[in-house]
Amino acid sequence: MKFGSISVEQAEGAVLAHSTSAGDRRYRKAHVLGAEDIAILAAAGLTEIVVAVLEPGDLGEDAAAETIAASMRHRHVEVKPAATGRVNLHAREAGVFTVDAGLVDAINAIDPSITVATLARHATVEKGQMVATVKIIPFAVAGYLVRQATALCERSEIFAVNPFVPKRVGVIQTVLPSVKASVLDKTARLTEQRLARSGSRLTAERRTPHEASAVAEAARALAREHDMVVIFGASALSDFDDVIPAAIRAAGGTVVRSGMPVDPGNLLVLGHIGATAVIGAPGCARSPKENGFDWVLDRLISGLEVTAADIGGMGVGGLLMEIPTRPQPRDLSAIPPVRRVHAVLLAAGRSNRMGGPNKLLALFQGKPLVRRTAERVLASKAESTVVVTGHQAARIREALTGLDIPVAHNADFVSGLASSLKAGVAALPEDAAGALIVLGDMPEVLPADLDRLIEAFERAEGRAVVRATHDGKRGNPVILPRSLFPAVAHLEGDTGARHLVEAEGVDVIDVEIGAGAAVDVDTPEALEGAGGVLQD
């Protein structure tokens, strides 16, 4: 592939390297230039343009990413269509992710143009979660490099999701005079929630004295009827012959390992009574926060063997105490619902295709369109709303008189949509988990539609983009998670959220809201058809 500046007349069939404007036309980065495009660019006075020119044997970025992804051997993983040189792979089932790190490293060593990124080995994943991505960095890559990658992929399985196989679990809690019944009740409740992520069930609980003989008797009985037994000791493990490991042996079982190099989780015990796995839970397993108990529990439920050597190898990455990762399961009674979606109403545009009048001031049933939209956003579940003004800012503010809605003025609105997005997102409070981006010119979007988007964002725990669709086609509004806010700050020109979603490769949840997702009013004809009346 050749990259650089060439004459516009010679650019037919080349890939545009940067977004470019020619009169009223705007071409996006990666657009393949045709004969009509060349004529328009030349008519606009452009003589040279920066492009990528594919050479014989090259594969375009999407084709290269798709070819490599298609050659990968994996289980319970879904391959998504390519976009902007990226193919994302998602879990078909909930389970535990395994990956051949050596194979991933070998692919990434072929050439910097080819990259494969995955979740960490043994990460617990939900159904539909992205587990890996193949990304081609330039616009094209030499075919022989792609063939090297596919040859490596064909040799062995690169990664897999090992689905959870729901288990029947029995729990033993030992009791001392110092242990409150409320603590035991909470432990049982949190254990049920922890098991729920795999579809497993706590089907029996025994409370015994903190003595090896009593625990052994209960463990032996539960092991006959359950796939797994979990033991919570009233006192922490202080020796490798303490109550829990001693009880496993007394019940006729074997102890695989006592102690693990994961903090919190150091005092875990793993053993077996016959075919039934037995886990002596560390004290931190009484908390919903991630700890070493989760690592062992999830692997066993997904059918993966856990050996003494496996536990001994958990030290690198095992310092969890100061790392707030997944609080799963959550103590739902103690945590308020996620309601930190804040709305950004974009009302800065110049309405260029209207021939003069501002479409946001058009009357719909006697009310300015921008006010109609603002009232619907305010009626939604969004925590707060900020409106971004630019063109005719004073008239927009006047149309919003009386509404409790702060204004973020974008003095650079003529530069394009990106500046308005940046202004709106920058005005959101620091605790905003997501930005609901609402276009001011969508008269058919209702508060209930916005609420459905917000609810989907909450179910995804704020980790995905949520996008409105109509008949399966992407539309607006869209919710951007906080993880994308830094990327918004670097947008330039007339680039919006759609480009950002495609470029960053984050998970996307599409929510069908009906025709409202696709109805905007960019032209006088479209506005009149939607029931609006333009004002001078």
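Bringing the overall build of the protein chain into the picture now. Across its full length, the protein chain carries 16 helices and 31 strands. Dimensions along the principal axes, computed over C-alpha positions, put the protein chain at roughly 90 × 65 × 35 Å. Per-residue burial over the protein chain gives 50% buried out of 536 residues. Within the protein chain, residue pairs in contact and separated by at least 24 positions form 71% of the contacts whose partners lie at least 6 positions apart. Accessible area of the protein chain: about 24200 Å², with a carbon and sulfur share of 52%. Here the protein chain holds 55 positive side-chain charges and 64 negative ones, and the gap between their average locations is 4 Å.

Moving on: the pattern of salt bridges. Two side chains carrying opposite charge are able to pair once their charged atoms lie near each other. Under the defined criterion, the tally for this structure stands at 15 salt bridges. Its salt-bridge partner being Asp 294, residue Arg 197 comes within 2.6 Å of it at the nearest N-O pair. One end of the pair, Arg 197, is in the loop between α5 (181–196) and β17 (201–209); the other, Asp 294, is in helix α8 (residues 292–301), and 97 residues separate them in sequence. Residue Arg 467 pairs with Asp 510 through a salt bridge whose shortest N-O separation is 2.9 Å. Residue Arg 467 is found in strand β28 (residues 465–470), and its partner Asp 510 is found in strand β30 (residues 508–512); the two are separated by 43 residues along the sequence.

Predicted coordinates in areas of low pLDDT are best not read in detail. The pLDDT averaged across the protein chain works out to 90; a share of 95% of its residues lies at or above 70. Below a pLDDT of 50 lies the segment residues 323–337, which in the model reaches 29 contacts outside its immediate sequence neighbourhood of four places, other chains included.

What counts and how
Residues numbered from 1 in each chain as written. Predicted model: local features only at pLDDT ≥ 70, side-chain atom pairs only at ≥ 80, totals over all residues. Heavy atoms only, no water. Helix = DSSP H or I, 4+ residues; strand = E, 2+ residues; numbered from the N terminus. Buried < 20%, exposed > 50% of the residue type's maximum accessible area, 1.4 Å probe, protein only. Contact = heavy atoms within 4.5 Å. Areas by Shrake-Rupley, 256 points an atom, 1.4 Å probe, with all protein chains shown as cover. Lys, Arg positive; Asp, Glu negative; His and termini not counted. Charge placed at Lys NZ, Arg CZ, Asp CG, Glu CD. Salt bridge = Lys/Arg side-chain N within 4 Å of Asp/Glu carboxyl O. pLDDT = per-residue confidence, 0-100.

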